[in-house]
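Below, each chain spelled out in residue letters.
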Amino acid sequence: MHARRTIALAALCAVVGTAGIAGCAPQQNENMASADEPSAQAEQHDYTDEQKSIIAGEEGTVYDGISLDAYPGKDYLDGMHDMWDANVDQWAPELRTLPSGQIVQRTPSELAERARQGKTPYNIYRLNNDNRGCNSCHADLDKTLEHLAQTMHPSPNSPALDAEMTVDQCLFCHTYSPGYIPTQYEFGTLIHNIHYGGVADGSFESDYRGNCYSCHDATNDGAGMALWDQTKFERLRGVTKVENVEGDFSIDQDTVMEQEDMFNMDAWNRLYDRMRSGAEYADTPMPDSLFDSWPITVDGEVNSPYTALLPDLVKEAEAAGVTVTKVSKEVCNWNGTGAGSVSNVEITGIPVSWLIEKAGGYTDNPDINGVRVMRADGSSKRAMPLDKVDGGEAFLVYEINGERLTAANGFPCTNWCEGVDPEVNSKQLNEYKIATDAPDFNDHVYEFEHHDGNPNGWIDAEGNWTNKPNATILGVPEGLVIQNGQPYTFHGYVDAYDEKIVSVEFSMDFGKTWTTFDTSDTDVNKLVWFDFTWTPDAESAYCLQLRATTKSGLVSPQIQTVMVNAKDVMPTAEDTVVLEKTALVDPKVSADATEGKE
């Protein structure tokens with residue numbers, strides 16, 4: 001009888017595949033059963049004649065016409081399934097209510113996979129996903145940066161856009177940033193010492209039970225120790241793949257942001273930038289006398305250099321009918337995929353080309369190659385190319401959204417050059433100098449290292465674009481819970497600096513198929529906001545990816561992935577772990593240790 005049972009189990013493993021493998025090596029599963037629960041494998045069974053004929057492989061006893069209950073070992077599988085069902089709550093993915101009120105579930109529920117694979121809680125029990133990745137400890141990486149001690153680290157996001165910061169954005173800057181970050185390819189060195197160094201004082205290991213696999217995925221494809229956050233979506237079970245995903249797509253370019261919501265890095269840049277931001281943070285009003293007495297000089301390679309007061313120039317330009325009011329964008333060249341380093345506002349300003357005409361136009365010098373924007377405090381003199389100036393894409397801006405500029409945005413005036421990195425948009429400029437020493441605007445490494453020019457995006461060490469074009473979904477924290485069967489709208493933007501976006505594509509099967517939408521009828525100097533409305537038709541986790549293509553054929557070099565969990569019954573805050581903090585989450589081990597204590 002024992003020999004026959006061994007044969008039956010071996011045959012069963014061959015039939016049921018993965019579930020059978022779990023049954024043939026039950027020791028780990030037994031460890032999860034309660035102490036007084038007998039092992040399913042230990043049960044003895046007297047086989048029926050039908051079962052014996054299956055074991056013997058008699059003709060006509062395979063597949064058709066045989067009840068599933070007749071298969072030898074079915075009772076064993078039932079016992080194993082009962083064991084997993086008894087532990088389902090223990091190994092269920094964590095539901096969190098974020099300080100924003102959004103509910104997230106970072107780990108898929110494996111609903112379909114459990115039915116096929118013996119209900120093993122693979123994502124939690126095997127992969128430990130709830131305790132891995134940046135968001136397991138940091139509910140909001142953006143807030144984590146704000147709370148860093150001993151540093152003034154900038155945020156890559158405008159708060160109003162609700163962009164979700166990920167490790168991809170950390171890598172974007174801390175990989176190759178000549179002229180901005182002294183040490184290249186430093187992220188690994190930096191982040192390991194933050195977690196294991198003296199400042200951490202062992203808390204990562206002791207309080208959070210952290211180790212290498214909290215952050216890394218040990219691969220077997222030769223890629224070594226990859227970051228878990230970059231590989232997990234295709235490792236986790238329970239993600240439903242949708243071929244040729246369908247949804248309603250729309251775009252808008254005229255939605256503008258409030259001035260105070262515009263993106264800037266002033267608090268991290270030079271002293272005078274910090275002073276301007278400080279005035280705004282302190283709600284210190286800027287005096288009108290500064291606007292009334294502000295001088296603007298146009299000189300260098302012009303025939304009639306001059307200096308005039310800003311209000312006089314504004315009055316003259318308005319009288320001449322040359323003043324421009326339009327919606328326009330600013331996009332930081334450090335704007336990584338998934339980030340929100342963008343602004344779309346209505347500007348009012350004087351074309352720089354008109355200011356140069358007022359100076360008698362360019363001199364007859366064939367070496368003229370750019371216009372330098374000189375900041376009054378002497379901290380910047382970046383150049384912009386002549387084609388932007390002569391093409392009517394450069395302005396002396398004195399109003400945003402119909403109001404005087406805020407302190408942080410450069411009151412009383414700022415330069416504004418469209419389709420380029422806004423570092424050339426010097427705040428509180430007081431001089432336009434027509435130059436013969438502008439850089440090669442295609443030599444981006446030189447521009448970065450010498451803080452000159454206006455690169456249209458960011459490159460890697462080989463000169464390849466890393467964020468052009470950029471396709472970003474906003475406002476979807478990792479594992480956001482949404483209502484199954486109800487439309488959900490993904491909102492975001494696409495941009496490529498000086499290149500037009502001609503199409504946006506979406507995928508829900510990790511790039512196997514893409515659904516394409518045309519965006520060729522857009523203004524390159526405005527941000528392209530988009531909405532993609534999709535309806536889940538089954539309770540499951542889903543991953544949405546997107547990419548964009550430019551008129552010249554550039555395709556998004558980085559692909560953002562966002563995961564949502566569609567639920568038949570929406571959980572309430574009472575069903576979740578409610579997070580009070582926006583940055584560092586309290587370690588679970590501490591919560592467990594104090595549970596039930598006064």
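Higher on the page you've got the structure.
These lines cover the structure that appears in this document, whether it is placed above or below. (Residues numbered from 1 in each chain as written. Predicted model: local features only at pLDDT ≥ 70, side-chain atom pairs only at ≥ 80, totals over all residues. Heavy atoms only, no water.)

1. Observations regarding the sheet that holds strand 16 (residues 470-474)
So, point 1. Spatially, 5-21-18-16 is the arrangement adopted by the four strands of the open sheet, whose pairing is antiparallel. Whereas interior strands pair on both sides, the edge strands pair on one side only; in this sheet they are strand 5 (248-252) and strand 16. The mean angle between the axes of side-by-side strands here comes to 25°, regardless of whether they run parallel or antiparallel.
So, point 2. The sheet contact formed by strand 5 and strand 21 (residues 528-534) spans five bridges and is antiparallel. Residue pairing in the sheet places D248 in a bridge with T533 of strand 21. (Pairing = 2+ DSSP bridges. Helix = DSSP H or I, 4+ residues; strand = E, 2+ residues; numbered from the N terminus. Axes fitted to C-alpha atoms, helices over the stretch in contact; angles between N-to-C directions.)

2. Focus on the layout of surface pockets
So, point 1. What the second largest pocket holds in volume is close to 1,000 Å³.
So, point 2. Along its surface, the second largest pocket is lined by 49 residues, and T166, D168, D229, Q230 and I559 are the ones closest to its centre.
So, point 3. When residues of the lining of the second largest pocket are traced back to their parent elements, those giving at least two are helix 8 (134-137), helix 10 (167-173), helix 13 (228-231) and strand 23 (560-567).
So, point 4. With five residues, helix 10 is the single largest residue contributor to the lining of the second largest pocket.
So, point 5. Among the residues making up the lining of the second largest pocket, the classes are represented as 22 nonpolar, 16 polar and eleven charged.
So, point 6. Summarising the domain contributions, the lining of the second largest pocket has at least three residues from each of domain 1 (131-252 + 468-578) and domain 2 (266-450). (1 Å grid on protein atoms, 1.4 Å probe; cavity = no way out; pocket = protein on both sides within 12 Å on 5 of 7 lines; lining within 4 Å. Points joined across faces, edges and corners; volume = space filled by probe spheres on them. Nonpolar A, V, L, I, M, F, W, Y, C, P; charged D, E, K, R; others polar. Domains from an automatic or database assignment.)

3. Topic: the environment of L309
So, point 1. Mapped onto the fold, L309 is located in strand 7 (residues 306-309).
So, point 2. Taking the C-alpha atoms as reference points, L309 and N430, separated by 121 residues in sequence, lie 9.7 Å from one another.
So, point 3. Leave out the neighbours within four places in its chain, and L309 touches D292, S293, W294 and P295. (Contact = heavy atoms within 4.5 Å.)

4. Quick look at unusual backbone geometry
So, point 1. The omega angle of the peptide bond from F411 to P412 is 15°, so this bond is cis rather than trans.
So, point 2. In this structure, P412 sits in the loop between strand 13 (403-404) and strand 14 (414-417).
So, point 3. Residue K468 is joined to P469 through a cis peptide bond whose omega torsion reads 0°.
So, point 4. The residue P469 is located in the loop between helix 19 (444-450) and strand 16 in this model.
So, point 5. Of note in this structure, Y185 is not a glycine but carries a positive phi near 50°.

5. Focus: the nonpolar core
So, point 1. In terms of nonpolar packing, the biggest core is built from 52 residues, with L310, I350, L355, V371, M384, L396 and Y432 touching the most fellow members.
So, point 2. Broken down by element, this core gets its largest block of residues, six residues, from strand 12 (residues 394-400).
So, point 3. Counting contributing residues per domain, this core is built from domain 1 (131-252 + 468-578) and domain 2 (266-450), each supplying no fewer than three.
So, point 4. Those residues within four positions of L310 in sequence are excluded, and the remaining contacts are F291, W294, I296, L396, P412 and C413.
So, point 5. One finds V245, Y488, F532 and A548 within the second-largest nonpolar core, a separate group that totals 27 residues. (Core = buried A, V, L, I, M, F, W, Y, C linked by side-chain atoms within 4.5 Å. Buried < 20%, exposed > 50% of the residue type's maximum accessible area, 1.4 Å probe, protein only.)

6. Digging into the pattern of salt bridges
So, point 1. Enumeration over the complete set of coordinates arrives at 19 salt bridges.
So, point 2. Linking K433 and E431 is a salt bridge whose minimum nitrogen-to-oxygen distance equals 3.2 Å.
So, point 3. The partly exposed category is assigned to K433, whose relative accessible area is 28%.
So, point 4. Taking relative accessible area as the criterion, E431 reaches 16% and is therefore assigned buried.
So, point 5. Residue E505 pairs with R547 through a salt bridge whose shortest N-O separation is 2.8 Å. Of this pair, E505 sits in strand 19 (residues 501-507) while R547 sits in strand 22 (residues 540-550), placing them 42 residues apart in sequence. (Salt bridge = Lys/Arg side-chain N within 4 Å of Asp/Glu carboxyl O.)

7. Observations regarding the pairing of strand 20 (residues 515-518)
So, point 1. On strand 20, burial follows the alternation: T515 and F517 on one face are buried, whereas T516 and D518 on the facing-out side are not.
So, point 2. The pairing of strand 19 with strand 20 spans four bridges and is classified as antiparallel. Opposite V504, over in strand 20, you have F517 as the bridge partner.

8. Some points on the sheet that holds strand 6 (residues 295-300)
So, point 1. Here five strands make up an open sheet; going across it, the order is 7-6-15-10-11 and the pairing mixed. Of all the strands in the sheet, just strand 7 and strand 11 (383-384) have a single pairing partner and so form its edges.

9. Re the state of the cysteines
Working definition: the covalent bond between the sulfur atoms of two cysteines is a disulfide.
So, point 1. One pass over the structure, following the stated rule, counts zero disulfides.
So, point 2. This cysteine, C212, is not joined by any disulfide, and C215 carries the nearest cysteine sulfur, 8.5 Å off.
So, point 3. The class for C212 is partly exposed, based on a relative accessible area of 43%. (Disulfide = S-S within 2.5 Å.)

10. Brief notes about the side chain of S503
So, point 1. In this structure, S503 sits in strand 19.
So, point 2. Judged by its relative accessible area of 12%, S503 is buried.
So, point 3. For S503, the contacting residues outside a window of four places in its chain are T516, F517, T519, R547, A548 and T549.

11. Focus: the side chain of Q560
So, point 1. With respect to the helices and strands, the residue Q560 is situated in strand 23.
So, point 2. The exposure class assigned to Q560 is buried, which follows from its relative accessible area of 11%.
So, point 3. Engagement of the side chain of Q560 in a polar contact is seen with the backbone nitrogen of I473, the distance being 2.6 Å.
So, point 4. If sequence neighbours within four positions are ignored, Q560 has contacts with T337, G338, A471, T472, I473, L544, Q545 and L546. (Polar contact = N/O pair within 3.5 Å; in protein donor to acceptor, adjacent residues only side chain to side chain.)

12. Here's the deal with the packing of aromatic side chains
So, point 1. Counting across every chain of the model gives 19 aromatic pairs.
So, point 2. Ring centres 5.2 Å apart and planes at 50° place the aromatic pair Y180 and W334 in the tilted group. Taken as a pair, Y180 in the loop between helix 10 and helix 11 (187-196) and W334 in the loop between strand 8 (324-331) and strand 9 (342-351) lie far apart in primary sequence, 154 residues in all.
So, point 3. When its relative accessible area of 15% is taken as the criterion, Y180 is described as buried.
So, point 4. Assessed through its relative accessible area of 6%, W334 is described here as buried.
So, point 5. An angle of 80° between the planes, with centres 4.9 Å apart, marks the rings of Y488 and F490 as edge-to-face. (Phe/Tyr/Trp six-rings, centres within 6.5 Å; stacked < 30°, edge-to-face > 60°.)

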